[in-house]
Amino acid sequence: LTRGGGGVVKHHIMNANLMRNGCDECVLINTGQEFDGSDSGARLDEAKSWGKIRMNATPVKICADATLIFPLLVAQTFAKDFHEAKGK
């Protein structure tokens, strides 16, 4: 699961993972903080305790604006491999 942003959509995606015994992998990108009490700010260990993320998973939460970080994340993973393969 890679999810940019938060709110109701994040809530439903995370809850849907309860039906499949949790996410295998999880990267969340949003600006939600724990102190504001929002679902977006919920800590990842809380999601593990609810079964939304599997206990053996190593989730990552990036506290930043998703519109800035997601393109950089894609460029550093998929595009990098594409260009390396194309050059061979």
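Note that this is a predicted model, so its numbers are computed, not measured. (Residues numbered from 1 in each chain as written. Predicted model: local features only at pLDDT ≥ 70, side-chain atom pairs only at ≥ 80, totals over all residues. Heavy atoms only, no water.)

Asks: Got a minute to help me understand helix α3 (residues 66-87) in this structure?
Replies: Three or four residues apart is the spacing at which side chains of an α-helix point the same way, because the helix has 3.6 residues per turn. Over its 22 residues, α3 runs 30 Å from end to end, which matches the ideal 32 Å to within 8%, given 1.5 Å per residue. Taking the largest bend as the criterion, α3 deviates by roughly 35°, centred on Ala75. (Helix = DSSP H or I, 4+ residues; strand = E, 2+ residues; numbered from the N terminus. Expected span 1.5 Å × (residues − 1). Bend = angle between axes of the 7 residues up to and from the residue.)

Asks: I'm lost on unusual backbone geometry in this one. Help?
Replies: A negative phi angle characterises most non-glycine residues, just as the trans form characterises most peptide bonds. Positive phi values are uncommon outside glycine, yet Asn21 reaches one of about 65°. Turning to its location among the elements, Asn21 is positioned in the loop between α1 (8-16) and β2 (27-30).

Asks: What am I meant to see in the packing of aromatic side chains here?
Replies: Under the definition given, this model contains 0 aromatic pairs. A cation over an aromatic ring shows up here: Lys52 above the ring of Trp50, its NZ or CZ 5.8 Å from the ring centre. (Phe/Tyr/Trp six-rings, centres within 6.5 Å; stacked < 30°, edge-to-face > 60°. Lys NZ or Arg CZ within 6 Å of the ring centre and 35° of its normal.)

Asks: Quick question: what am I supposed to make of the state of the cysteines here?
Replies: In a disulfide, the sulfur atoms of two cysteines are covalently bonded to one another. This model, assessed by the stated rule, comprises 0 disulfides. For Cys23, which is in no disulfide, the shortest distance to another cysteine sulfur is to Cys26 and amounts to 4.9 Å. In this structure Cys23 comes out as buried when scored by relative accessible area, which is 1%. (Disulfide = S-S within 2.5 Å. Buried < 20%, exposed > 50% of the residue type's maximum accessible area, 1.4 Å probe, protein only.)

Asks: Just to check I follow, could you spell out a nonpolar patch on the surface for this structure?
Replies: Among the surface-exposed residues, Leu18, Met19 and Trp50 lie close enough to one another that they form a single nonpolar patch of about 390 Å² accessible area. In this structure Leu18 comes out as partly exposed when scored by relative accessible area, which is 31%. (Patch = residues over 30% accessible without salt bridge, like charges linked within 9 Å, V, L, I, M, F, W, Y side chains within 5 Å. Areas by Shrake-Rupley, 256 points an atom, 1.4 Å probe, with all protein chains shown as cover. Salt bridge = Lys/Arg side-chain N within 4 Å of Asp/Glu carboxyl O.)

Asks: Would you explain the pairing of β2 in this entry?
Replies: The side chains of a regular strand alternate between both faces of the sheet. Judged from the 4 bridges that link them, β2 and strand β3 (residues 60-63) form a sheet pairing that is parallel. Opposite Asn30, over in β3, you have Cys63 as the bridge partner. With helix α2 (residues 44-50) bridging β2 and its parallel neighbour β3, the resulting β-α-β unit is right-handed. (Pairing = 2+ DSSP bridges. Right-handed = clockwise from strand over helix to strand, strands pointing away.)

Asks: Looking at this structure, I do not really get the pattern of salt bridges. What am I missing?
Replies: Where charged atoms from two side chains of opposite charge come close, those side chains can pair. As enumerated under the stated definition, the model contains 3 salt bridges in all. Between Arg20 and Asp24 there is a salt bridge; the shortest N-O distance is 3.5 Å. On the basis of relative accessible area, Asp24 is assigned to the partly exposed category, the value being 42%. In this structure, Arg54 and Asp24 form a salt bridge, with 2.9 Å as the shortest nitrogen-oxygen distance. With Arg54 in the loop between α2 and β3 and Asp24 in the loop between α1 and β2, this pair connects stretches of sequence that are 30 residues apart. When salt bridges with common partners are traced through the structure, they connect Arg20, Asp24 and Arg54 into a single cluster.

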